[in-house]
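# Results of the structural survey
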Amino acid sequence: MAASPHTLSSRLLTGCVGGSVWYLERRTIQDSPHKFLHLLRNVNKQWITFQHFSFLKRMFFEVPFDSNMNRTKNRPLVRGQISPLLAVSFATCCAVPGVAILTLGVNPLTGALGLFNIFLYTCCYTPLKRISIANTWVGAVVGAIPPVMGWTAATGSLDAGAFLLGGILYSWQFPHFNALSWGLREDYSRGGYCMMSVTHPGLCRRVALRHCLALLVLSAAAPVLDITTWTFPIMALPINAYISYLGFRFYVDADRRSSRRLFFCSLWHLPLLLLLMLTCKRPSGGGDAGPPPS
């Protein structure tokens, strides 16, 4: 006697992931009865993989959209060299012990920041890329958190230095990415991604210039906040002025040549700026020698 669908469902519910499979089973019944019946017919023949749940692939993966872009069409997931299940498994195997090591081996604050950044990237930034140009601002926060984590790992606190480093990384990403996306407008348009360079080209250039100038202000704020000496903003002035000039040329010219120059400048500007910041850091302890010995 053939097994009934209820018998097959009970088999799926066994094991540590039974509750999750039951939930997916109910959703599949509501969304696509034919796919669910196909799953039941094949459950005794092969392991359940992400291929059975195509609606999950459409919800969480950008493969169909990345395949339309020259920039991303050769990535392993897009070309089918790795499966979505393997991608999710690898990401989980990196994220879970990574956050645990940061929490237990460094401090809970750094671990919490790492966990928050994973959530921000996967659940906010990635879906927003196809919904709103706000994804660029959210993505800039994602890129700004790692140096903040470095500061909290060393000091155990969120103070002025953490926010200054985060602010520098936050502002730097706008000339870097906006200039990059300018030359990829056709690609992003084919992929259906909402980028400023596609939907708001004028805003794209203005925001890039605005944050180039913000780097000048942030560099000047470093000695005010006792993070560096006053030598830092003076030494950083030439490279900050140069990237601001390129940001202005990009704003005025609005062509591929000016965007490329700004993008390639951003590649060496950030490491050089951080190296100058490290070189000119304020000595810890303030040089207090204390009372002389009696």
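Please read these numbers as outputs of a predicted model, since none were measured by experiment.

### Structural notes on the overall build of the chain
- Tallying secondary structure elements over the chain gives 15 helices and zero strands in all.
- The buried share among the 294 residues of the chain stands at 39%.
- The long-range fraction of contacts in the chain, counting pairs at least 24 apart against all pairs at least 6 apart in sequence, stands at 65%.
- Accessible surface, the chain: about 16,700 Å² in total, of which carbon and sulfur atoms supply 66%.

### With respect to the pattern of salt bridges
- Scanning the entire structure with this criterion turns up three salt bridges.
- One salt bridge in this structure joins Arg-282 and Asp-226, with 3.3 Å as the shortest N-O distance. Residue Arg-282 is found in the segment after α15 (256-279), and its partner Asp-226 is found in the loop between α13 (201-224) and α14 (231-253); the two are separated by 56 residues along the sequence.
- Overall, the relative accessible area of 34% leaves Arg-282 in the partly exposed class.
- The class of Asp-226 is exposed, set by a relative accessible area of 51%.
- With a closest N to O distance of 2.8 Å, Asp-253 and Arg-249 form a salt bridge.

### As for helix α8 (residues 108-128)
- Given a rise of 1.5 Å per residue, 21 residues ought to cover 30 Å, and the 29 Å separating the end C-alpha atoms of α8 matches this to within 8%.
- When we look at burial in α8, the residues that qualify are Thr-110, Gly-111, Leu-113, Gly-114, Asn-117, Leu-120, Tyr-125 and Thr-126.
- Looking at the buried residues of α8, the elements they touch are α7 (84-106) and α9 (135-155).

### Here's the deal with the packing of α14 against α15
- Between α14 and α15, the least distance of the axes is 10 Å, while the angle of their chain directions is 165°. Here α14 lies roughly antiparallel to α15, going by the angle between them. Crossing of α14 against α15: the hand is left-handed. Mapping the contact onto sequence places Phe-232, Met-235, Ala-236, Ile-239, Asn-240, Tyr-242, Ile-243, Leu-246, Gly-247, Arg-249, Phe-250 and Asp-253 in α14 and Ser-258, Ser-259, Arg-261, Leu-262, Cys-265, Ser-266, Trp-268, His-269, Leu-272, Leu-273, Leu-276 and Met-277 in α15.

### Quick look at the nonpolar core
- Within the largest apolar cluster, 34 residues are counted, with the highest numbers of intra-cluster contacts made by Leu-164, Ile-168, Phe-232, Leu-262 and Met-277.
- For this core, the secondary-structure elements that each account for two or more residues are α9, α10 (160-182), α13, α14 and α15.
- Considering each element in turn, this core owes the most residues, eight residues, to α10.
- When residues no more than four places from it in sequence are discounted, the contact partners of Ile-168 are Leu-215, Leu-218, Leu-270, Leu-273 and Met-277.
- Among the nonpolar cores identified, the runner-up in size contains nine residues, and Leu-120, Val-142, Ile-145 and Val-148 belong to it.

### Considerations on the packing of aromatic side chains
- For the structure shown, the criterion picks out six aromatic pairs.
- An angle of 90° between the planes, with centres 5.4 Å apart, marks the rings of Trp-182 and Phe-250 as edge-to-face. On the criterion of sequence distance, the pair formed by Trp-182 in helix α10 and Phe-250 in helix α14 is long-range, its members being 68 residues apart. Summarising the burial analysis for this pair, Trp-182 and Phe-250 share the class buried.
- Aromatic side chains Tyr-242 and Trp-268 sit 6.2 Å apart centroid to centroid with 20° between the ring planes, which places their arrangement in the stacked category. With Tyr-242 in helix α14 and Trp-268 in helix α15, this residue pair connects regions lying 26 residues apart in the sequence.
- For Tyr-242, a relative accessible area of 35% translates into the label partly exposed.
- By the ring-pair criterion, three or more aromatic residues cluster together here, those being Trp-137, Tyr-170 and Phe-174.

### Focus: the side chain of Ser-258
- Within the secondary structure, Ser-258 is located in helix α15.
- Only 2.6 Å separates the side chain of Ser-258 from the side chain of Asp-255, close enough to count as a polar contact.
- In this structure, Ser-258 is in contact with Arg-249, Phe-250 and Asp-253, ignoring residues within four places of it in sequence.

### Some remarks on α14
- With 23 residues, α14 extends 34 Å between its outermost C-alpha atoms, agreeing within 8% with the 33 Å of an ideal straight helix rising 1.5 Å per residue.
- Turning to α14, its buried residues are Phe-232, Pro-233, Ala-236, Ile-239, Asn-240, Ile-243, Ser-244, Leu-246, Gly-247 and Phe-250.
- On its buried face, α14 is in contact with α10, α13 and α15.

Basis of the calculations
Residues numbered from 1 in each chain as written. Predicted model: local features only at pLDDT ≥ 70, side-chain atom pairs only at ≥ 80, totals over all residues. Heavy atoms only, no water. Helix = DSSP H or I, 4+ residues; strand = E, 2+ residues; numbered from the N terminus. Buried < 20%, exposed > 50% of the residue type's maximum accessible area, 1.4 Å probe, protein only. Contact = heavy atoms within 4.5 Å. Areas by Shrake-Rupley, 256 points an atom, 1.4 Å probe, with all protein chains shown as cover. Salt bridge = Lys/Arg side-chain N within 4 Å of Asp/Glu carboxyl O. Expected span 1.5 Å × (residues − 1). Axes fitted to C-alpha atoms, helices over the stretch in contact; angles between N-to-C directions. Parallel < 35°, antiparallel > 145°, perpendicular 65-115°, else oblique. Left-handed = near helix turned anticlockwise from the far one by under 90°. Core = buried A, V, L, I, M, F, W, Y, C linked by side-chain atoms within 4.5 Å. Phe/Tyr/Trp six-rings, centres within 6.5 Å; stacked < 30°, edge-to-face > 60°. Polar contact = N/O pair within 3.5 Å; in protein donor to acceptor, adjacent residues only side chain to side chain.

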